[in-house]
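Here is what each chain is made of, one letter per residue.
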Amino acid sequence: MRKQIDESMPAQAIEYDDLLSAFEWVNAGHLGDNSAFVCRETGAIHWGSNSVDLEDELPDDIDDGSLYVAVPHGLELGLGRRLALAFTEEVLPDSTSEVSGFFRRPGAYPRFRELLDRERRLEEWREFERLAIERTLRDWAEQEGLRVMPKVRM
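Residues numbered from 1 in each chain as written. Predicted model: local features only at pLDDT ≥ 70, side-chain atom pairs only at ≥ 80, totals over all residues. Heavy atoms only, no water.

A. Up close: the packing of aromatic side chains. Applying the stated rule across the entire model yields seven aromatic pairs. Taken together, a centroid distance of 6.2 Å and an interplanar angle of 80 degrees make the contact between Trp25 and Trp47 edge-to-face. With a gap of 22 residues between them, Trp25 in helix 1 (residues 16–27) and Trp47 in strand 3 (residues 45–49) connect regions that are remote in the sequence. Look at Trp25 and you get partly exposed, because its relative accessible area is 21%. Between Phe103 and Phe112 the ring centres are 6.5 Å apart and the planes differ by 55 degrees, which places this aromatic pair in the tilted class. For the pair Phe103 and Phe112, one class covers both residues: buried. (Phe/Tyr/Trp six-rings, centres within 6.5 Å; stacked < 30°, edge-to-face > 60°. Helix = DSSP H or I, 4+ residues; strand = E, 2+ residues; numbered from the N terminus. Buried < 20%, exposed > 50% of the residue type's maximum accessible area, 1.4 Å probe, protein only.)

Right under this line is the structure:
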């Protein structure tokens, strides 16, 4: 659910790499194990976990959607099964039925990666996934009123 955003407040800039790190933290465990919140006012990221003791505690008002926005898990953004199937349909269309079957039971991603490795498409998948994550995170941030700074290419 999208929270009410104070439109009079300018969007605070956040570095893409910081947002990506927060997203990766949220995705490092099962859905709900880890959390990260972006402060709408400062762009600072606050980290939380139900399974790891962290040095800093979350602010008391972290649930105030006008002040903080929770970084979503990839499953909430359609970056799980749907993304794997989109890649398969585009790159390995003859394997679509097989990959779809992977996701009907636990252990889908190891089987999916084995298929990609066997077909020599693992690096192509990683780039496809990386680009999809970046595009999706930037879109999500924009919808939440956050401004993501462009990556600096070296």
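B. Region of interest: the pattern of salt bridges. Using the criterion set out here, one finds seven salt bridges in the structure. Residues Glu134 and Arg138 are paired through a salt bridge, measuring 3.0 Å at the closest nitrogen-oxygen approach. You can see Glu134 and its partner Arg138 sitting in helix 5 (residues 122–143), four residues apart, about one turn around the helix. Residue Glu134 is classed as buried on the basis of its relative accessible area, which comes to 12%. Exposure remark for Arg138: the relative accessible area of 22% places this residue in the partly exposed category. Each of Glu127, Arg130, Glu134 and Arg138 takes part in one network of salt bridges that share partners. (Salt bridge = Lys/Arg side-chain N within 4 Å of Asp/Glu carboxyl O.)

C. Representation of helix 1 in the model. Here helix 1 contains twelve residues, and its C-alpha end-to-end distance of 16 Å stays within 8% of the 16 Å for a straight helix at 1.5 Å per residue. Three or more residues of helix 1 are buried, namely Tyr16, Leu19, Ala22, Phe23 and Val26. Buried positions in helix 1, seen along its axis, are confined to an arc of 125 degrees and lie on one side of it. (Expected span 1.5 Å × (residues − 1). Arc of directions from axis to C-beta.)

D. The environment of Gly145, seen in detail. Along the polypeptide, Gly145 turns up in the loop between helix 5 and strand 5 (147–149). Separated by 76 residues in the primary sequence, Gly145 and Val69 place their C-alpha atoms 9.6 Å from one another.

E. Representation of a negative patch on the surface within the structure. A surface patch of negative charge is lined by Glu55, Asp56, Glu57, Asp60, Asp61, Asp63 and Asp64. Here Asp63 lies in the loop between strand 3 and strand 4 (68–70). Using a relative accessible area of 71% as the deciding quantity, one classes Asp63 as exposed. (Patch = residues over 30% accessible without salt bridge, like charges linked within 9 Å, V, L, I, M, F, W, Y side chains within 5 Å. Areas by Shrake-Rupley, 256 points an atom, 1.4 Å probe, with all protein chains shown as cover. Lys, Arg positive; Asp, Glu negative; His and termini not counted. Charge placed at Lys NZ, Arg CZ, Asp CG, Glu CD.)

These values are about where atoms sit, not about what they do.
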